[in-house]
Structures are given as C-alpha cells and as structure tokens.
Amino acid sequence: SKAQPKLPPEVDNAEVATTDWFAMLRSKRFESRLEYLTTERGLTRKTLDKFQVGYDGERYTVPIRSGVDGPIRNVKKYRRNGSPKWMSTKGHGSPSMVAFTGLLAENTLPVIFCAGEFDAMLTNQKAGAHAVAVTATGGEGVVPRELSMFANREVFIGYDCDDAGRAGTDKLATALRKVGAVVHI
C-alpha cells in the first residue's frame, strides 16, 4: 500500500493571492473587518502582519506554511457566523497539519496547542518569549500525521472545554506522547 502524505500539497499561486488578501484587509474599504479582529478578537496589527492574515472579500484568510518560510500548504478561510466558520483551500485540508510550526525553529520554549488559528495567534501575542502556540488545521478532533517536531518538547494542550475539545485533547495527548513529547492537559 502507498504511504500516506504527511502534508497537503503546495497551494498554486498562493503567494500572489495571499499578498492581495493581506492588502485588502488593510484597505479603507474593509476597515470594519480589520476592526473586528483587533477589537473583538484582541489581535494587534503586529500579530496580524506576522501571520499574514488577509481578507478575500468574503472570508478572513490565514496562510498555513510548512516550516519557517516553506511553501503555503493551505489557506484557511474564516467567516464569522459562517457555515462552516472555517474552510480549507479545496484539496488542501487533508491531511491535517500543524499550523505555525515556523515558531518552533531555533528554540526550546514550551508549546501550547490551541483550539484554532485565531486562538493560537492570540496566545503567541500574549505569551511573548515564554512559549509558542500552534494549532491543528483539521480541528480539535483530527490529529496531524506529522508530530515529530514535538519530540522532547513540553506541550500544553489548551483545547475547548466541550465534548469535542476533551475528546480531541485525549487523542492529541496520546499521539504526542508516542513521539516523545512531555504533555500537560
């Protein structure tokens, strides 16, 4: 049987699209969209810039790279009160991957596994130089295939306190322990 890929394929033309979306979010036309992220979600402009958050005219966009400056493997799209709230770029949502792994490079800081992209961004913003936060692109119930970057790292799981969050926490904790992470729930 053929080995399953650990990451989704690269997104075609993603660099151009995400640059346009980044600029759109910061334009006068979408001022209220930017205000939602800074006021209601608590994200600073600096944080939004760091994670290259944009807006495509319908949804907020979050490019998901492999590694520090690796290729974009997915663009997660969010619409408040949308159904669904979060969407992946078609053909790039599977397999689930860890978002924001570039933050793990060249440090041994504790890791906080958050419930979603915006939660991870806000946690990184608040944690400063004390920890780094990541999230799984498939949601709390889907454990990413590639977790080797957490070997010998201290990992705190901060998923939601609902049934899905508790079940996801147990699955993720088991998988992280298998790769040698020191897990805290």
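A short tour of the structure in this document, coming up. Keep in mind it's a predicted model, so treat the numbers as computed, not measured.

Rules and cut-offs
- Sequence order as written defines the numbering, with residues in each chain counted from 1.
- Whole-chain, interface and lining totals are the exception, using all residues; otherwise, since this is a predicted model, local features are given only for residues with pLDDT of at least 70 and side-chain atom pairs are given and counted only at 80 or more.
- Only hydrogens and water are set aside when side-chain values are computed; all heavy atoms of the structure are taken into account.
- Two strands are counted as paired when DSSP detects at least two bridges linking them.
- Labels follow the DSSP assignment, with helices taken as runs of H or I lasting at least four residues and strands as runs of E lasting at least two, numbered in each case from the N terminus.
- Whether two residues touch is decided by their heavy atoms; if any such pair falls within 4.5 Å, the residues are in contact.
- Whenever a helix is involved, its axis is fitted only over the stretch in contact; in every case the axis is a line through C-alpha atoms, and angles between N-to-C directions fall within 0 to 180 degrees.
- Pairing of aromatic rings covers Phe, Tyr and the six-membered ring of Trp, with a centre-to-centre limit of 6.5 Å; geometry is then stacked below 30 degrees between planes, edge-to-face above 60, and tilted otherwise.
- Only protein chains enter the accessibility calculation, which uses a 1.4 Å probe; a residue is then buried when its area is under 20% of its type maximum, exposed when over 50%, and partly exposed in between.
- Think of it as a cone above the ring: NZ of Lys or CZ of Arg counts as a charge over the ring if it is within 6 Å of the ring centre and within 35 degrees of the ring normal.
- What makes a salt bridge here is a side-chain nitrogen of Lys or Arg within 4 Å of a carboxyl oxygen of Asp or Glu, nothing more.

### Some points on the sheet that holds strand β4 (residues 86–87)
Hydrogen bonding along the main chain pairs the strands of a sheet, whether they run parallel or antiparallel. Spatial ordering of the open sheet is given by β1-β2-β3-β4, a layout of four strands whose pairing is antiparallel. Two strands in the sheet have a free side with no partner beyond their single neighbour: β1 (54–55) and β4. Along the sheet, helix α4 (residues 117–127) contacts β2 (60–65), β3 (72–78) and β4; its crossing angle with β2, the most-contacted strand, is approximately 75 degrees.

### A word on the packing of aromatic side chains
In the structure shown here, the tally under the stated rule is eleven aromatic pairs. With a centroid separation of 5.2 Å and an interplanar angle of 80 degrees, the aromatic rings of Tyr78 and Phe118 are classed as edge-to-face. Pair noted here: Tyr78 is in strand β3 and Phe118 is in helix α4, with a separation of 40 residues, a long-range link. Assessed through its relative accessible area of 4%, Tyr78 is described here as buried. Above the face of the Phe22 ring, Arg26 is positioned so that its terminal group lies 3.6 Å from the ring centre.

### What to know about the pattern of salt bridges
Using the criterion set out here, one finds eight salt bridges in the structure. Glu58 is paired through a salt bridge with Arg79; the nearest N and O atoms lie 3.9 Å apart. On the criterion of sequence distance, the pair formed by Glu58 in the loop between β1 and β2 and Arg79 in the loop between β3 and β4 is long-range, its members being 21 residues apart. Among the residues examined, Glu58 registers a relative accessible area of 54% and is labelled exposed. Taking relative accessible area as the criterion, Arg79 reaches 35% and is therefore assigned partly exposed. Glu117 is the partner of Lys76 in a salt bridge, and the nearest nitrogen-oxygen pair spans 3.1 Å. Residue Lys76 is located in strand β3, and its partner Glu117 is located in helix α4; the two are separated by 41 residues in the primary sequence. Taking the relative accessible area as the measure of exposure, Glu117 reaches 2% and is therefore buried.

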